[in-house]
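Fold and geometry: a report
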Amino acid sequence: MTELDELAELAKRRGFFFQSNEAYGGTAGFYTYGPEGAALKRNLEDTWRDIFVREEGHMELEAPTVMPEAVFEASGHLDGFDDMIIECAECGATHRADHLVEDEIEGIEDAEAYDPEEVGQLIADHEIECPSCGAPLADEPVEEFNLMFGTNIGPGSSSPGYLRPETAQGIFVEFPRLKEYARNQLPFGVAQIGRAYRNEISPRRALVRVREFTQAELEHFIDPEHDEPPLERVADVEVPLYSAEAQQADDGEMETYTIREAVDKGVIASDWVAYYLGRSMEFYERIGIDMERFRYRQHLPGELAHYAADCWDAETELGGNWIEVTGFAYRSDYDLKKHGEYSEEDFTLFRQYDEKKTVERATVDPDMSYLGPEFGGKAGDIADALEALAGRDRSAFEGEEVTVDVDGESYTVPVEKTGFTVEEQTESGEHITPHVVEPSFGVGRLVYSVLIHSHGSDVVDDEERSFLELPADMAPTTVAVFPLMTKDGLDDRAEAVARQLRAEGFEVAYDDTGNIGRRYRRQDEVGTPYCVTVDYETQEDDTVTVRERDSTDQERVALDELPAALRRLVAGESLSDL
Ligand code: GAP
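Residues numbered from 1 in each chain as written. Predicted model: local features only at pLDDT ≥ 70, side-chain atom pairs only at ≥ 80, totals over all residues. Heavy atoms only, no water.

1. With respect to a negative patch on the surface
Just so we agree on the cut-off: Grouping into patches uses exposed residues only, defined as over 30% relative accessible area, and leaves out salt-bridged ones; the cut-off is 9 Å for like charges and 5 Å for nonpolar side chains (Val, Leu, Ile, Met, Phe, Trp, Tyr). Note on areas: Shrake-Rupley with a 1.4 Å probe; residue coverage comes only from the protein chains shown. For this document, the term salt bridge refers to a Lys or Arg side-chain nitrogen within 4 Å of an Asp or Glu carboxyl oxygen. His is not counted, nor are the chain ends, whereas Lys and Arg count as positive and Asp and Glu as negative. Here the site of a charge means atom NZ of a Lys, CZ of an Arg, CG of an Asp or CD of a Glu. Strands here mean DSSP runs of E at least two residues long; helices mean DSSP runs of H or I at least four residues long; both are numbered from the N terminus. Only protein chains enter the accessibility calculation, which uses a 1.4 Å probe; a residue is then buried when its area is under 20% of its type maximum, exposed when over 50%, and partly exposed in between.
A grouping of Glu104, Asp125, Glu127 and Glu129 is seen on the molecular surface, where their side chains present a negatively charged patch. With respect to the helices, strands and loops of the structure, Glu127 is situated in the loop between helix H6 (116–125) and strand S7 (142–146). Taking relative accessible area as the criterion, Glu127 reaches 64% and is therefore assigned exposed.

2. Some details on the sheet that holds strand S5 (residues 82–87)
To keep it simple, the criterion reads: Strand pairing is assigned whenever DSSP detects at least two bridges linking the two strands. Lines fitted to C-alpha atoms define the axes, with helix axes restricted to the stretch in contact, and inter-axis angles between N-to-C directions lie between 0 and 180 degrees. The criterion used for residue contact is that any of the two residues' heavy atoms lie within 4.5 Å.
Strand order in the open sheet made by the 3 strands is S6-S5-S7, with antiparallel pairing throughout. At either end of the open sheet lies a strand with only one pairing partner, and these are strand S6 (94–96) and S7. The average angle at which neighbouring strand axes cross in this sheet is 45°, direction not considered. In the packing of helix H5 (residues 97–104) onto the sheet, contacts are made with S5, S6 and S7, and the angle to S6 comes to roughly 65°.

3. Concerning the domain arrangement of the protein
Stated formally: Domain delimitation in this document rests on an assignment produced automatically or drawn from a domain database. Here's the idea: put two parts together, see how much 1.4 Å probe accessible area each one loses, and the total over both is what we call buried area. We call two N or O atoms a polar contact when they sit within 3.5 Å, provided that within protein one can donate a hydrogen and the other can accept it, with sequence-adjacent residues counted only if both atoms are side-chain atoms. Side-chain classes are defined by residue name, with Ala, Val, Leu, Ile, Met, Phe, Trp, Tyr, Cys and Pro counting as nonpolar, Asp, Glu, Lys and Arg as charged, and the others, Gly among them, as polar.
Split into domains, the protein comes out as domain 1 (1–67 + 171–348 + 437–463), domain 2 (353–432) and domain 3 (477–577). Opposite the 7 residues of domain 1 that make contact, domain 3 presents 6 residues. Around 650 Å² of area is buried between domain 1 and domain 3 when both sides are counted, 43% of it from carbon and sulfur atoms. Together, Arg14, Glu36 and Val460 form the three largest contributors to the area buried by domain 1 at its contact with domain 3, with a combined 55%. The tally of links from domain 1 across to domain 3 stands at 3 salt bridges. Where domain 1 packs against domain 3, one counts 3 residue pairs in polar contact (both at pLDDT 80 or more). When residues of the side of domain 1 that touches domain 3 are assigned to their parent elements, the largest contribution, 3 residues, is made by helix H1 (residues 3–14). Among the residues making up the side of domain 1 that touches domain 3, the classes are represented as 3 nonpolar, no polar and 4 charged.

4. Structural notes on the site of the ligand
Which entries qualify depends on this criterion: Here a residue counts as near a molecule or strand whenever at least one of its heavy atoms sits within 4 Å of it.
Taken together, 20 residues lie around the ligand, and Glu166, Glu200, Val210, Glu217 and Glu324 are the ones closest in. Within the side chain of Arg198, a nitrogen or oxygen atom sits 2.9 Å from an oxygen atom of the ligand. Isolated, the ligand exposes 550 Å² of accessible area, and the fraction of that covered by the protein chains is 91%. Secondary-structure elements contributing two or more residues to the shell around the ligand are strand S11 (212–222), strand S16 (321–332) and strand S21 (435–442). Take the shell around the ligand: its biggest share by element is 5 residues, from S16.

5. With respect to the pattern of salt bridges
Tallied over the full model, the rule gives 50 salt bridges. We note a salt bridge from Arg297 to Glu303, for which the minimum N-O separation is 2.5 Å. Overall, Arg297 belongs to the buried group, its relative accessible area being 11%. Here the salt bridges do not stand alone but share partners, grouping Asp50, Arg54, Glu55, Glu56, Arg233, Arg279, Glu282 and Arg286 into one network.

6. Focus on the sheet that holds strand S25 (residues 508–510)
An order of S25-S24-S26-S27-S28 is seen for the 5 strands of this open sheet, with the pairing classed as mixed. The open sheet has two edge strands with one neighbour each: S25 and strand S28 (554–558). Neighbouring strand axes in the sheet, compared pairwise and without regard to direction, differ in orientation by 25° on average. Sheet analysis places strand S26 (residues 530–534) next to strand S27 (residues 543–548), joined by 4 bridges and oriented antiparallel. Along S27, the bridge assignment pairs Cys531 with Arg547. Taken strand by strand, helix H17 (residues 516–525) contacts strand S24 (479–483), S25, S26, S27 and S28, and its axis lies near 165° from that of S24.

7. With respect to the side chain of Gln523
By the element assignment, Gln523 lies in helix H17. Judged by relative accessible area, which is 8%, Gln523 ranks as buried. In this structure, Gln523 is in contact with Ala480, Phe482, Ala509, Thr528 and Cys531, ignoring residues within four places of it in sequence.

8. Digging into the pairing of strand S14 (residues 294–298)
Of all 5 residues in S14, 5 are buried; the element is thus mostly enclosed. Burial along S14 is two-sided: the face carrying Phe294, Tyr296 and Gln298 and the face carrying Arg295 and Arg297 are both buried. Pairing geometry for strand S12 (residues 238–242) and S14, over 2 bridges, is parallel. Its bridge partner lying in S14, Tyr242 is registered against Arg297.

Rendered as structure tokens:
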């Protein structure tokens, strides 16, 4: 069995995750987190919140998952959020055409960047067959398929909506209100952990490509001319970088830089993206990613999303493949500008100058008693066009006449009828559209990576054991309590210990079935870092045995010191230090 198969089996058997709706045959691309998985996911999200909301001082919100069509017209998802699809005429199976090309043709890794005709040609040239039934696909068209799930808001079809394909839009559309909560001061960040939906053509690799998943996204709104990240906080953090340049070179490789070196050498172009790449290293380490199986990879030019000016992905190695777990994008002012254009709201922010400025402003005050009779119904639009032209190019008003375009037609107006003047004005600031830096984490892919990276096996007391070496504060259960026997009051005592530890805030499991060795194995397999056994000695001296998952060492600890001892262990001390 491969490590992915072993993990899939463990995940299902022990309740981490499994395909949803199995009673009805299962639904491709949908997974349910069982009790262990839901707890692990919650701990991972709490760690994210701790770093990216609490420590960074950002806000967090919770927006609806269904949004009206107008949002996605503005964001560009309605037009551009497509993947390439090919349908087999023989069996009707649909496939992601770019993935077929990547899987079947050696040396092609980035087929998403090609256009559908090129991908169709490659399928024909390489005689690629349908993976489901083996029929040739050469004659089938490759088409664009929009990944959004559509719905209707309310009865009838007059109000189309979509399940959001990224949580980010729920933040962007609320910017006019959010800027007020931030007292109209940049920079500020808004985070959200929530569900996103994509009608993936071929869901695959368990939690890696699913149709409903959780994202943890931060939208950091900045003034690109004035705001700088606190780079000194992460300057010495080492990051493994696989730049676009290295990917395109014959012998290019991943290299480790400090953030300071990467910025100074221009490997990472944006200081803000560099800041979050550095900051996120702590997060990946805390949740239990194996940093030997981790890298940051820069997007190749053709790979950039429609909104991104620069983008790096965090990738983890799973079963021999590098999988994107986080996207770090410099989204510039793309989203706020679009929502400003498509909606009635103001998506700008007023930037106060340090000192008031006196500026020359060109304005017009058109003579409507001339424009009206001369241009009829077009007079108002012509006046607006003159106003816009004066702001843009005052030299156009230097001659006797000025010409403007309205709806593709040219109109010439004598300058004396435009009321053109240049005035001095004192201004205290200007309206700007903030830029956005976005770290976007896929929670399911991170849960999956943590499980695969922490899964191992060894032999203890001549018995094979399977374990999850999860960090103590990530494990679904922190401590399991066992009575040695279910008699002589040991079980009552053990239950009381479990109750006490729960009251102290620990996640506690209680298990009194099977022999102690088997109970340890069960807890090792779900990653419980500590087990406590109540035995006959407990009855005599009020001590219990504490056993550590990773070393399998055991120590006796006084019951009245147990909560404090466990806290020290969770904080990183080892059993021998107690
Ligand atoms: N707001 C930016 C955005 O959504 P993305 O790179 O499309 O960017 C961010 O998605 C993260 O969401 C990815 O790095 C990945 O971890 C996760 N993700 C995207 N599509 C996914 C899918 N179909 N299944 C599971 N996770 C997915």
